Every structure is written in structure tokens, then in C-alpha cells.
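Observations on the model geometry
Below, each chain spelled out in residue letters.
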Amino acid sequence: MDLTPDLVLCSPSVRTRQTADLALPDAEILIEPAIYEAYPDELLTLIRRSDPEVGTLVLVGHNPGVQELVTELTAADGDDGFPPGAFAVIEVDGEWSGLDTGRGIAHWNPKKH
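Okay, so let's go over this structure. Given the structure is predicted, the values throughout are model-derived calculations rather than measurements. Here the residue index of a chain counts from 1 through its sequence in written order. Per-residue local features of the predicted model are confined to residues with pLDDT of at least 70, and side-chain atom pairs are confined, for both listing and counting, to 80 or more; whole-chain, interface and lining totals are unaffected and use all residues. Note: side-chain values were computed over all heavy atoms of the structure, leaving out hydrogens and water.

Any two strands with at least two DSSP bridges between them are considered paired. Runs of E in the DSSP output that reach at least two residues are strands. Runs of H or I that reach at least four are helices, and both are numbered from the N terminus. The parallel open sheet is built from three strands, whose spatial order is S2-S1-S3. Every interior strand has two partners, whereas the edge strands, strand S2 (29-31) and strand S3 (57-60), have only one. This sheet shows a mean twist of 20° between the axes of neighbouring strands, independent of strand direction. As paired elements, strand S1 (residues 7-10) and S2 share three bridges and run parallel to each other. In this description, a line fitted to the C-alpha atoms serves as the axis of each element, helices being fitted only across the stretch in contact, and the angle between N-to-C directions of two axes falls anywhere from 0 to 180 degrees.

As a further point, take helix H3 (residues 65-74). Burial of H3 is extensive: eight of the ten residues sit out of reach of the surface. For every residue, the accessible area obtained with a 1.4 Å probe (protein chains only) is divided by the maximum for its type, and the residue is called buried under 20%, exposed over 50%, and partly exposed between those limits. Taken as a whole, H3 has its buried residues at Gly65, Val66, Gln67, Leu69, Val70, Thr71, Leu73 and Thr74. Only heavy atoms enter the contact rule, under which two residues are in contact if any of them lie within 4.5 Å. Where H3 is buried, its residues touch helix H2 (40-48), S3, strand S4 (90-91) and strand S5 (105-106). Of the residues one or two after H3, Ala75 is the one with positive phi, at around 55°.

It is worth spelling out the layout of surface pockets at this point. Detection works on a 1 Å grid of protein atoms alone, calling trapped sets that fit a 1.4 Å probe cavities and calling open sets with protein on both sides within 12 Å along at least five of seven lines pockets, with lining residues defined by an atom within 4 Å of a point. Grid points are joined across faces, edges and corners, and a volume is the space filled by probe spheres set on the points. What the largest pocket holds in volume is close to 1200 Å³. Residue lining of the largest pocket: 42 residues in total, with Leu57, Val58, Leu59, Phe87 and Ala88 positioned closest to the centre. Contributing elements (two or more residues each) for the lining of the largest pocket: helix H1 (14-23), S3, H3 and S4. Residues are sorted three ways: Asp, Glu, Lys and Arg are charged, Ala, Val, Leu, Ile, Met, Phe, Trp, Tyr, Cys and Pro are nonpolar, and all the rest, Gly among them, are polar. Grouping the amino acids of the lining of the largest pocket by side-chain chemistry returns 28 nonpolar, ten polar and four charged.

Quick look at a negative patch on the surface now. Side chains of Asp41, Glu42, Glu68 and Glu72 sit close together on the surface and give a patch of like negative charge. Among the secondary structure elements, those contributing two or more residues to the negative patch are H2 and H3. Mapped onto the elements, Glu72 comes out in helix H3. With relative accessibility at 35%, the residue Glu72 sits in the partly exposed group. Patch criteria: residues need more than 30% relative accessible area and no salt bridge. Like-charged residues are merged within 9 Å; nonpolar side chains of Val, Leu, Ile, Met, Phe, Trp and Tyr are merged within 5 Å. Only the protein chains shown count as covering a residue, and every accessible area follows the Shrake-Rupley method with a 1.4 Å probe. Counted as salt bridges are all cases of a side-chain nitrogen of Lys or Arg within 4 Å of a carboxyl oxygen of Asp or Glu. Positive charges come from Lys and Arg, negative ones from Asp and Glu, while His and the chain ends are left out of the count. Positions of charges follow a simple convention, taking NZ of Lys, CZ of Arg, CG of Asp or CD of Glu.

Encoded structure:
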């Protein structure tokens, strides 16, 4: 599984921009104001608009929206927690436009690492 991002969607907050710049210095980072304070359904809509040529997408955002999105995509137990600075790797099949809840496979659990 190639985890080199083709695209990074990042909230405009200072903390998320700093995180994206430090963690992904060579990646194309698109500042997306809609991520700030977004609900999971809003984040999913944003991801669905991604170009089908994007293979690996990174979303840098905020809780509780990001944690709830991860939980919904992977049908995981939402009580695991998602501390600041955590990340999840989720494998999905198909184009972004068809992404739906329960269709992702989690490869990393933020609470167990």
C-alpha cells in the first residue's frame, strides 16, 4: 500500500497547516476552509469531490468531525478515542465519488499505538 499522498486536504487553522507542513513536506497541500468545524457528512462530501486520479488522499482536520468520519467509514467502535495528532489509515475501493460509510478498512487504530 503506497501511502505517499497525491493530495492533502487541510483545514486553514494554524495548527493543521503546521502539522501538514511538518508531516508531509513534499506533498501538494490544498487549504480547504470547509474542513474547519465540519461534521462527518460534510467531510465525506468534500472527499467525494476529489479527482478520481487521486490515489492516496490525506485529510488534516479536527475532532470530533474527523474521528466520527473515521468511525463511520470503517464501521469501527467510536469509543476508541482519537487524540490530537493521531491519524488513521483507511483503505477504500473505487472512486472517491462513490465513497460511502462502512466501506473502508482501517489499518491503524489510534488508541492502540
